[in-house]
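Per-entry structural report
Now for the letters of each chain:
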Amino acid sequence: MKKIVSLVLAIAMLLAILPNIAAMAEGEKTTLKVVSWDVYSGSAAWHAAIKDGFEAAYPNVEIEYVDLVSGNEYATVAGVQLAGGDTSDVYFIKEIPQIQQWSDQGFLANLDELVAEVDLSGLMGMENNLRASDGLLYALPFRSDFWVMFYNKDIFNAAGVPYPTNDWTWAEYVEIAEQLTQGEGIDKVYGTYHHTWLSAAVNWAVCDGVYTFGDGNYDPLKYFYEMIQELEDAGACMEYSEIRALGIGYRDMIYGGDTAMLPMGTWLVGGMINEKAAGTFDFDWSFASVPHKDDIAAKSTFGNLTGVSINKNATNPDVAWEFVKWLSGEEGAKAIAAVGTRPAYVSDAVVAAYSSVVGFPTDATALDALLPNMVSIEVPPGAKVPELMTIVNQEHSLIMTDEVTIDEGIASMNERAAEVMAD
Amino acid sequence: MATTVKQIPTYKPGKRQRRNTLIAYSFLAPNLIGFAVITLIPVILSVALAFFNWNGGTLDKISWAGLDNFKLIFDNFSFTKNDLGISLKNTVLYTAVSVPLTIAFSLGFAMVLNRAARAAKTFRMIFFFPYIASIVAICTCWNYILFKYGPVNTFLNYLGLHMTKSWTQSRDFAIWSLIIVNVWRHAGYYMVMYIAGLQNIPKELYEAAIVDGANAWQKFRKITLPMLTPTTFFVSIMLTITCFKVFDIVVLMTEGGPGRATQMLVTYIYELCFTQIKYGVASAVAMVLLAVVVLITIFQFKAEKKWVNYL
């Protein structure tokens, strides 16, 4: 019996060593662990493009993605993993406030010294939006998504309405949305669709480049709450409470041809191209700039940067820096642009790669909309911002379900925010 | 008479004894170590954390806070404005309604289905099903059932009530939609316990009652209910604790909204801990939750002597 046990153990040990021997035979290959979200589902295309592109440029490195939960929970789960002393090399930053939180907590490696030696002109200073409150840089941007307005050309054609232009005001937008709404019940086609997020409803208030959600005053949201209410009352967009109760997804609305227009981030471009190619839908589509308020310039929008950062506990910090440099530079930008994802680094070659993706809208309006006049930051960094956003989101749900009036809701936001700001 | 007192061997912890003890501990060790590492130590740490400031990060970022975290959550305490007050009020309302309702339904089902007929077995299975079904699927279905134009509202409108909102999207109804789902989900599970309790009641008691001319209500009131009190006691404690730590249904159906209408203690802890990354404050709220549950359980055990009958 003892002999059998020791034999089994010996074989097990041999088997455990074998892969290492095989790896050694191939020559030293470093595995770079990159933490991200939706690696194999919603964001599969650009993740694959990054992996393929980087491995082609650096044949001795293999990228291994660590796929955490998707959506809003990414920041939470990744933060907990970092707090546990994880040694993965690279963390993608989904939302800017993460940088503040994680650098405060000492999770991220400082990049200032490293950055000094590379040419980041193509980022056009965007990296400065990622600086933490100590003025230091802990992440570089590699994607820059901003909001545009997608539309279904077939619905516009059928209704005989001219396509959106980049200089629409919100008033014109509401008028056209009501005009495009038709049908009843299951066949109903809505003029437009505003998702339940704060960003899809009232974040337009930050497009003036001055106002931010960190200010603690929410009066500027009133204009947009009234606009959404008007659209809902006219039946021109699906009601918030209906979307919430039924768990409707914005992608289903546009893919299914259930809405004529959809204000959404440029991250949807890749999805639209791929889904059309896969046969999910067959209508023609394009996008234009989001409409603007009368008192600000046309082609003003807001957006979010997706960053890449290095874990302070990284196993391979040097390789991680090579990766960050590559990804936020021109080569990485070309790689992700080639699959319809908008990179942060912009140069003629990158723009050419982006807009020449098969299936990318070719009309002049869309190409012009790719170069906004101003891109404000969706939610600014700041120590009190997470708490403020919790409050705004709670009151947002009350206003949107008509549980309180717009004025009551905003008054409550201001009152509760004042308490937070006073602490 | 000379009696020889047989000397009882005195207890001497000899080598053998010690070895036996060690063997016993070694059998317990895997379980105890697991319990200590994944339950006991984290619990103790979270109690301690309530008295520290820690917003995550490396351990050198921890600083002593004393009672500051508690001061913060009890600051301006009110049941309508303060986060802790609102979640405490919601959790207590949710529990106070859910527990008696679940007990009533599970006892009712048990009474009806406590028979050997094949149909009864089938129905028992059907009533038990919600407990093993995926909670995500359950909540999705209930969201549809309680939808603005869903079957429940259609029926209520037919009765002349004017229902214009989805239950989960209304401040007044949202918490009731959670209670309905909770009762529906747990009634079948506790029904099984009640059936076991019912089957343990000696038949002689009923026979004697029949001889004395007792009617069905009297038998239920004077025999069944008193004999079931140990089961009811157990069920009420289990249910109270389950209700106090409600989380899944809230996240899946209302996300604590609209506003803070369905914010519970645990969802508030989650929000503080994982969205705002304030581990110390979140632990302080967790201590409040612990204190409330402990107080209620002590009360239940004290009251036990007054109403629970053991044979």
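None of these values were measured; they are calculated from a predicted model.

**Here's the deal with the overall build of chain B**
Within chain B, the secondary structure is distributed over 12 helices and 2 strands. What you see in chain B, going N to C, is helices and strands ordered as α-β-β-α-α-α-α-α-α-α-α-α-α-α. Each principal axis of the C-alpha distribution contributes one length, and for chain B these read about 95 × 75 × 35 Å. Across chain B, every contact between residues at least 6 apart in sequence was considered, and the portion connecting residues at least 24 apart equals 66%. As presented, chain B carries roughly 18600 Å² of accessible surface, and 69% of it is formed by carbon and sulfur atoms. On chain B, the mean spot of the 28 positive side-chain charges and the mean spot of the 12 negative ones are 10 Å from each other.

**Some points on the interface of chain A and chain B**
Each side of the interface is counted separately: chain A has 27 residues, and chain B has 31 residues. In this structure, the connection of chain A to chain B is made through 6 salt bridges. Two residues, Lys-165 of chain B and Glu-403 of chain A, come together in a salt bridge whose shortest N-O distance is 2.5 Å. Those elements that place two or more of their residues in the side of chain A that touches chain B are α3 (74-83), α4 (97-104), α10 (240-246), α17 (385-400) and α18 (406-422) of chain A.

**What to know about empty space enclosed by the protein**
Residues and elements named next belong to chain A. Under the criterion given, the structure shown has 2 cavities of 30 Å³ or more. Reported here for the largest cavity is a volume of approximately 60 Å³. Lining the largest cavity, in full, are Tyr-225, Ile-228, Gln-229, Glu-232, Ile-399, Met-400, Asp-402 and Ile-406. Within the residue set of the lining of the largest cavity, elements represented by two or more residues are α9 (222-233) and α17. The greatest single-element share of the lining of the largest cavity, amounting to 4 residues, is contributed by α9. Looking at side-chain class alone, the lining of the largest cavity contains 5 nonpolar, 1 polar and 2 charged residues. What lines the second largest cavity is simply Phe-146, Trp-147, Val-148, Ser-289, Val-290, Lys-299, Ser-300, Thr-301, Ala-369 and Pro-372. Looking at the lining of the second largest cavity, the elements with two or more residues in it are β4 (139-152) and β7 (300-310). Broken down by element, the residue count for the lining of the second largest cavity peaks at 3 residues, all from β4.

**Re the packing of aromatic side chains**
Residue and element names in this part refer to chain A. Considering all chains together, one arrives at 51 aromatic pairs over all chains under this definition. Centre to centre, the rings of Tyr-91 and Trp-102 are 5.9 Å apart; their planes meet at 85°, and the pair counts as edge-to-face. Note that Tyr-91 is positioned in strand β3 (residues 90-93) and Trp-102 in helix α4, a separation of 11 residues in sequence. Just as Tyr-91 is buried, Trp-102 falls in that class too.

**Quick look at α9 of chain A**
All names here are of chain A. An ideal rise of 1.5 Å per residue puts 16 Å on 12 residues; α9 measures up with 16 Å between its terminal C-alpha atoms. Residues of α9 that are buried: Phe-224, Tyr-225, Met-227, Ile-228, Leu-231 and Glu-232. Looking down the long axis of α9, one finds its buried residues gathered within 160° of arc, a one-sided arrangement. Of the surrounding secondary structure, the elements contacted by the buried residues of α9 are α7 (170-180), α8 (198-201), α10, α17 and α18.

**Details of the pattern of salt bridges**
If you walk through the whole model with that rule in mind, you get 20 salt bridges over all chains. One salt bridge in this structure joins Arg-244 of chain A and Glu-255 of chain B, with 3.8 Å as the shortest N-O distance. Separated into two different chains, Arg-244 of chain A in helix α10 and Glu-255 of chain B in the loop between α10 (248-253) and α11 (265-275) make up a pair that spans both. We classify Arg-244 of chain A as partly exposed; its relative accessible area is 22%. Among the salt bridges present, the one from Asp-368 of chain A reaches Lys-299 of chain A, with a minimum N-O distance of 2.8 Å. Placement of the pair is Asp-368 of chain A in helix α16 (residues 364-369) and Lys-299 of chain A in the loop between β6 (285-289) and β7, with a sequence separation of 69 residues. Bridged by salt links that share partners, the residues Lys-222, Glu-226 and Asp-407 of chain A form one connected network.

**Things to note about the domain arrangement of chain B**
Residue and element names in this part refer to chain B. As far as domains go, chain B holds domain 1 (15-68) and domain 2 (78-307). Between the C-alpha centres of domain 1 and domain 2 the distance comes to 32 Å. Taken together, the 8 residues of domain 1 in the interface contact 7 residues of domain 2. Note on domain 1 versus domain 2: buried area summed over both sides is about 610 Å², and carbon and sulfur give 68% of it. Among the residues of domain 1 in contact with domain 2, Ala-50, Trp-54 and Asn-55 are the three that bury the most area, contributing 53% of the side total.

Conventions used here
- Residues numbered from 1 in each chain as written.
- Chains lettered and ligands numbered in written order.
- Predicted model: local features only at pLDDT ≥ 70, side-chain atom pairs only at ≥ 80, totals over all residues.
- Heavy atoms only, no water.
- Helix = DSSP H or I, 4+ residues; strand = E, 2+ residues; numbered from the N terminus.
- Contact = heavy atoms within 4.5 Å.
- Areas by Shrake-Rupley, 256 points an atom, 1.4 Å probe, with all protein chains shown as cover.
- Lys, Arg positive; Asp, Glu negative; His and termini not counted.
- Charge placed at Lys NZ, Arg CZ, Asp CG, Glu CD.
- Salt bridge = Lys/Arg side-chain N within 4 Å of Asp/Glu carboxyl O.
- 1 Å grid on protein atoms, 1.4 Å probe; cavity = no way out; pocket = protein on both sides within 12 Å on 5 of 7 lines; lining within 4 Å.
- Points joined across faces, edges and corners; volume = space filled by probe spheres on them.
- Nonpolar A, V, L, I, M, F, W, Y, C, P; charged D, E, K, R; others polar.
- Phe/Tyr/Trp six-rings, centres within 6.5 Å; stacked < 30°, edge-to-face > 60°.
- Buried < 20%, exposed > 50% of the residue type's maximum accessible area, 1.4 Å probe, protein only.
- Expected span 1.5 Å × (residues − 1).
- Arc of directions from axis to C-beta.
- Domains from an automatic or database assignment.
- Buried area = accessible area lost by both parts, 1.4 Å probe.

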